[in-house]
Amino acid sequence: MPNFHRVVITGIGAVTPIGNNIDEYLVGLQTGTNGVSDITLFDPEQHPCKFAAEVKNLQSENFIEAKESKRWDRFSQFGVIAAKQAFNDSGLEITEANASRIGVIIGSGVGGLLTMESQAQILSHKGPKRVSPFTVPMMIPNMATGLAAIALGAKGPSSSVSTACAAGSNAIGDSFRLLQLGKADAMICGGAEASITPLGVAGFASAKALSSRNESPQTASRPFDAERDGFVIGEGSGILVLETLENAQKRNARIYAEIIGYGTTCDAHHITAPSPGGVGGAEAIKLAIEDASLSLEKVDYINAHGTSTSANDKNETSAIKSIFRDRSYLIPVSSTKSMTGHLLGGSGGIEAVACILSLTHNFIPPTINYVNRDPECDLDYVPNNAREAQIGVALSNSFGFGGHNVCLAFSKMNWRQPILYSQLNLF
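Below or above, wherever it landed, is the structure these notes cover.

Quick notes on the rules
Residues numbered from 1 in each chain as written. Predicted model: local features only at pLDDT ≥ 70, side-chain atom pairs only at ≥ 80, totals over all residues. Heavy atoms only, no water. Helix = DSSP H or I, 4+ residues; strand = E, 2+ residues; numbered from the N terminus. Rg over C-alpha atoms; globule rule 2.2 N^0.38 Å. Contact = heavy atoms within 4.5 Å. Lys, Arg positive; Asp, Glu negative; His and termini not counted. Charge placed at Lys NZ, Arg CZ, Asp CG, Glu CD. Expected span 1.5 Å × (residues − 1). Buried < 20%, exposed > 50% of the residue type's maximum accessible area, 1.4 Å probe, protein only. Arc of directions from axis to C-beta. Pairing = 2+ DSSP bridges. Axes fitted to C-alpha atoms, helices over the stretch in contact; angles between N-to-C directions. Salt bridge = Lys/Arg side-chain N within 4 Å of Asp/Glu carboxyl O. Polar contact = N/O pair within 3.5 Å; in protein donor to acceptor, adjacent residues only side chain to side chain. Phe/Tyr/Trp six-rings, centres within 6.5 Å; stacked < 30°, edge-to-face > 60°. Core = buried A, V, L, I, M, F, W, Y, C linked by side-chain atoms within 4.5 Å. Parallel < 35°, antiparallel > 145°, perpendicular 65-115°, else oblique. Left-handed = near helix turned anticlockwise from the far one by under 90°. Nonpolar A, V, L, I, M, F, W, Y, C, P; charged D, E, K, R; others polar.

## Some words on the overall build of the chain
Right, on to step 1. Helix and strand counts for the chain come out as 13 helices and 14 strands.
Right, on to step 2. Taking 2.2 N^0.38 as the reference for a compact globule, 427 residues should give roughly 22 Å; the C-alpha atoms of the chain span a radius of gyration of 20 Å, in line with that estimate.
Right, on to step 3. Referenced to the eigenvectors of the C-alpha coordinate spread, the extents of the chain come out at roughly 65 × 60 × 40 Å.
Right, on to step 4. In the chain, the proportion of contacts linking residues at least 24 apart, taken out of those at least 6 apart, comes to 79%.
Right, on to step 5. When the 33 basic and 40 acidic side-chain charges of the chain are each reduced to a single mean position, those positions are 4 Å apart.

The following block contains the structure:
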């Protein structure tokens, strides 16, 4: 029987619409900061949606040389900056001796959309000879992973996940599995996205997925509220450093929390709509709880996918109720997308960070803009103000186009006795 390893979080990094580092992001979550405003990255005049949750005032030169940044798409810049933050925060050192045991997995739903659009315009207006030789490496979605690995010298398991809005969570879950199985000692993982572009905004708006509340953009992201009318597109990155408990203890690392469960499923139902009743999402939650050997009574908080779309919020509520039944009404469920907007493939990363901050700082982030109760969404959504709470276990849900569902389970360190991993169903 193989010896499965416990896995802990030793570093966190975040670039978000409500803060460009962990300290700023923490304050933003605790105070219910709203990151939504009018679009400044391009002229949105002809667009039906004119607002988004942009990353603001990012000092990228503190992390990336100016010459290099011109050759990186915006999503890769976010991913590398958050990865460097997390790596520095962890105190991990990569040497010739351990480089092959430290890997990187960063998910992205879209990848370098900004590069793709700008170079397509150059091709159309100036011809093929004017297209940049950096076009392909700038736009492919694995490049945040590749550039972070290059920047840090990580030569271990390396890949990129592209499961739409579940990508960041899948990247964390897949990294967790590699560490459990002893295939690496540490993994740098999460999600990155930068899709606030003319095509990105127009495409989601045409699909009727975006809010059109142009007269009041700061109230547009309103998960679980009866008057929600679509999500608000956001951008940024959230990255974790995961390590085996043995590796972290060997170097006397500061440990934030433990990752204890991972569930992932597919609806096999529709290209954009979730399965009726949130059946696929419910199965992912069930698998994560089983993977962690949890009883339902031990779950203290759920960071919801909570996109502010009618179908997602209703079906996620149904999924939670189908698993927890009467106890659903006792579990705080909040959507930090009410503050950050929806980062697509980057959302799982920053929401995992939010769960870890909740565990370590004993609070639950709010669902802001919650005003009107929806009879079909009748749980405790922590409306408008953060709540002090002692949290032992937090779940993070992520659901993506194509029917991809992920649930991650995090716990305080030493929350329970060591798990007998040999009894778990890992796959």
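Okay, back to it.
## Digging into helix α13 (residues 347–361)
Right, on to step 1. Between its first and last C-alpha atoms α13 spans 21 Å; for 15 residues at 1.5 Å apiece the expected length is 21 Å, and the two agree.
Right, on to step 2. Where burial is concerned, most of α13 is hidden: 13 out of the 15 residues are buried.
Right, on to step 3. Taken from the residues just after α13, Asn362 is the one with a positive phi, measuring 55°.

## Some remarks on helix α8 (residues 198–206)
Right, on to step 1. Residues of α8 that are buried: Gly200, Val201, Phe204 and Ala205. Each buried residue of α8 sits inside an arc of 120° when the element is viewed along its axis, so together they form one side.
Right, on to step 2. Against the buried residues of α8 lie α4 (113–126).
Right, on to step 3. Of the residues one or two after α8, Lys208 is the one with positive phi, at around 60°.

## Some words on the sheet that holds strand β4 (residues 102–107)
Right, on to step 1. Pairing is mixed in the open sheet, where ten strands are placed in the order β5-β4-β6-β7-β1-β8-β14-β13-β9-β10. Of all the strands in the sheet, just β5 (158–159) and β10 (333–334) have a single pairing partner and so form its edges.
Right, on to step 2. Here strand β13 (residues 393–400) runs beside strand β14 (residues 404–411); their pairing, made up of eight bridges, is antiparallel. Counted as the bridge partner of Ala394 is Phe410 from β14.
Right, on to step 3. Sheet strands touched by helix α3 (residues 74–90): β1 (7–15), β4, β6 (186–194) and β7 (235–244). Its angle to β1, the strand with the most contacts, is close to 135°.
Right, on to step 4. Where helix α6 (residues 143–152) meets the sheet, its contacts fall on β4, β5 and β6, and the angle it forms with β4 comes to roughly 150°.

## Brief notes about the pattern of salt bridges
Right, on to step 1. In the structure shown here, the tally under the stated rule is 13 salt bridges.
Right, on to step 2. Between Arg101 and Asp185 there is a salt bridge whose closest N-O contact spans 3.0 Å. Linking Arg101 in the loop between α3 and β4 with Asp185 in the loop between α7 (167–180) and β6, this pair joins segments that are 84 residues apart in sequence.
Right, on to step 3. By relative accessible area, which is 21% here, Asp185 ends up partly exposed.
Right, on to step 4. Salt bridges sharing common partners tie together Arg228, Asp313 and Asp374.

## With respect to the pairing of β4
Right, on to step 1. By the criterion of burial, β4 is predominantly enclosed, with six of the six residues buried.
Right, on to step 2. On β4, burial covers both faces: Ile102, Val104 and Ile106 on one face and Gly103, Ile105 and Gly107 on the other are all buried.
Right, on to step 3. For β4 and β6, the ladder comprises six bridges, and the chain directions are parallel. Paired with Val104 across the two strands is Ile188, which belongs to β6.
Right, on to step 4. In this structure, β4 lies alongside β5, joined through two bridges in parallel fashion. Paired with Val104 across the bridge in β5 is Ser158.

## What to know about the side chain of His342
Right, on to step 1. Turning to its location among the elements, His342 is positioned in the loop between α12 (337–340) and α13.
Right, on to step 2. By relative accessible area, which is 3% here, His342 ends up buried.
Right, on to step 3. From its side chain, His342 meets the backbone nitrogen of Leu344 in a polar contact 3.1 Å long.
Right, on to step 4. Setting aside chain neighbours within four positions, we find His342 in contact with Cys165, Phe231, Val232, Ile233, Gly234, His305, Thr307, Lys337 and Ser347.

## Focus: the packing of aromatic side chains
Right, on to step 1. Enumeration over the complete set of coordinates arrives at four aromatic pairs.
Right, on to step 2. Arranged with centres 5.3 Å apart and planes meeting at 75°, the rings of Phe204 and Phe231 form a pair that is edge-to-face. In this pair, Phe204 sits in helix α8 while Phe231 sits in the loop between α8 and β7, placing the two residues 27 residues apart along the sequence. Grouping residues by exposure puts Phe204 and Phe231 together as buried.
Right, on to step 3. With 6.3 Å between their ring centres and 55° between their planes, Phe204 and Phe401 make a pair best called tilted. Pair noted here: Phe204 is in helix α8 and Phe401 is in the loop between β13 and β14, with a separation of 197 residues, a long-range link.
Right, on to step 4. Given the relative accessible area of 17%, Phe204 is considered buried.
Right, on to step 5. Given the relative accessible area of 35%, Phe401 is considered partly exposed.

## Brief notes about the nonpolar core
Right, on to step 1. With 45 residues, the main nonpolar core has Ile9, Leu240, Leu242 and Phe410 as its most contacted residues.
Right, on to step 2. Of all the elements, α13 adds the most residues to this core, at eight residues.
Right, on to step 3. Of all hydrophobic cores here, the second largest spans 29 residues; its members include Trp72, Leu147, Ala149 and Ala192.

## So, the packing of α3 against α6
Helix-helix packing is described using two parameters, namely the angle between the two axes and the distance between the axes.
Right, on to step 1. Between α3 and α6, whose axes approach to 9 Å, the crossing angle comes to 40°. The angle between α3 and α6 falls in the class oblique. In this structure, α3 crosses over α6, and the sense of that crossing is right-handed. Residues Phe75, Ser76, Val80, Ala83, Lys84 and Phe87 of α3 form the contact with α6, whose own contacting residues are Met143, Ala144, Leu147, Ala148, Ala151 and Leu152.
Right, on to step 2. Split by residue class, the contact of α3 with α6 holds ten nonpolar, one polar and one charged.

Without other data, these values stay purely geometric and don't point to any function.
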